[in-house]
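Overview (structure and organization)
One-letter residues, chain by chain:
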Amino acid sequence: MAASVADYPILGYSKIGFLWSAGFQTGTSALTSIHSDLYRRLIALLIQARKEAGLTQTEVARRIGQRQTFVSKYELGERRLDAAEYLEISRSIGADPYGLMREAEGSKG
C-alpha cells in the first residue's frame, strides 16, 4: 500500500477542502488572494474597461486565443489571472494595465 500525504502530518500537510497542500495549518484556502479587495477592484476595473471598449467576453477571448468561458471565469472570480494573462488581456482591450493597477490601489475602502 502506498503512503499518502495524510500519513506524514509532521511534514506540515493539512487538508484544505478536497486538496492537500503543504504549509496551510489554518485551514484557509490556498486561493485566498483571489478574493482580496485589491484583486476584486482590479478585476472590476478590467470588466469596466472591456465594457467601455464595447467588447463582449467572446471578442476578448478571441483576441487572446481563449474561449469565452475563460473570460467569464476570471470575471466571476472563479479563476485567477496571473500577471502575464492580466497584461495580455488589458492590452487586448486597449486598457493601460499599469493605469488600472494604480486606480485599483487608489480606490481602497
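Throughout what follows, the structure given in this document is the object of discussion. From a predicted model like this one, the values you see are computed outputs, not experimental measurements.

Reading the values: the criteria
- Position numbers for residues start from 1 in each chain and track the written sequence from start to end.
- Whole-chain, interface and lining totals are the exception, using all residues; otherwise, since this is a predicted model, local features are given only for residues with pLDDT of at least 70 and side-chain atom pairs are given and counted only at 80 or more.
- In computing side-chain values, all of the structure's heavy atoms are included and hydrogens and water are not.
- Note on geometry: axes are lines fitted to C-alpha atoms, helical ones only across the stretch in contact, with angles between N-to-C directions running from 0 to 180 degrees.
- Starting at the N terminus, helices and strands are each numbered in turn, a helix being any DSSP run of H or I of at least four residues and a strand any DSSP run of E of at least two.
- Geometric relationships in this document are graded by angle, where less than 35 degrees denotes roughly parallel, more than 145 denotes roughly antiparallel, 65 to 115 denotes roughly perpendicular, and other angles denote oblique.
- What makes a crossing left-handed is the near helix being turned counterclockwise from the far one by less than a right angle; a clockwise turn instead makes it right-handed.
- Working rule for contacts: check all heavy atoms of both residues, and any pair within 4.5 Å makes them a contact.
- In protein, a polar contact means a hydrogen-donor-capable atom and an acceptor-capable atom, both N or O and within 3.5 Å, with residues adjacent in sequence counting only if both atoms are side-chain atoms; elsewhere, any N or O pair within 3.5 Å suffices.

On to the packing of helix H1 (residues 37–52) against helix H5 (residues 97–106). Packing of H1 against H5 leaves a shortest axis separation of 9 Å and a crossing angle of 130°. The pairing of H1 with H5 is recorded here as oblique in orientation. Where H1 crosses over H5, the two elements pack in a sense that is right-handed. Taking contact as the criterion, the partners of Leu 38, Arg 41, Leu 42, Leu 45 and Leu 46 in H1 are, on H5, Leu 100, Met 101, Glu 103, Ala 104 and Glu 105.

Moving on, we get to the side chain of Arg 50. Tracing the chain through its elements places Arg 50 in helix H1. Polar contacts involving the side chain of Arg 50 include one to the main-chain carbonyl oxygen of Leu 55, which spans 2.9 Å. Dropping the residues within four chain positions of it, Arg 50 is found in contact with Leu 55, Thr 56, Gln 57, Val 60, Glu 75 and Ile 93.

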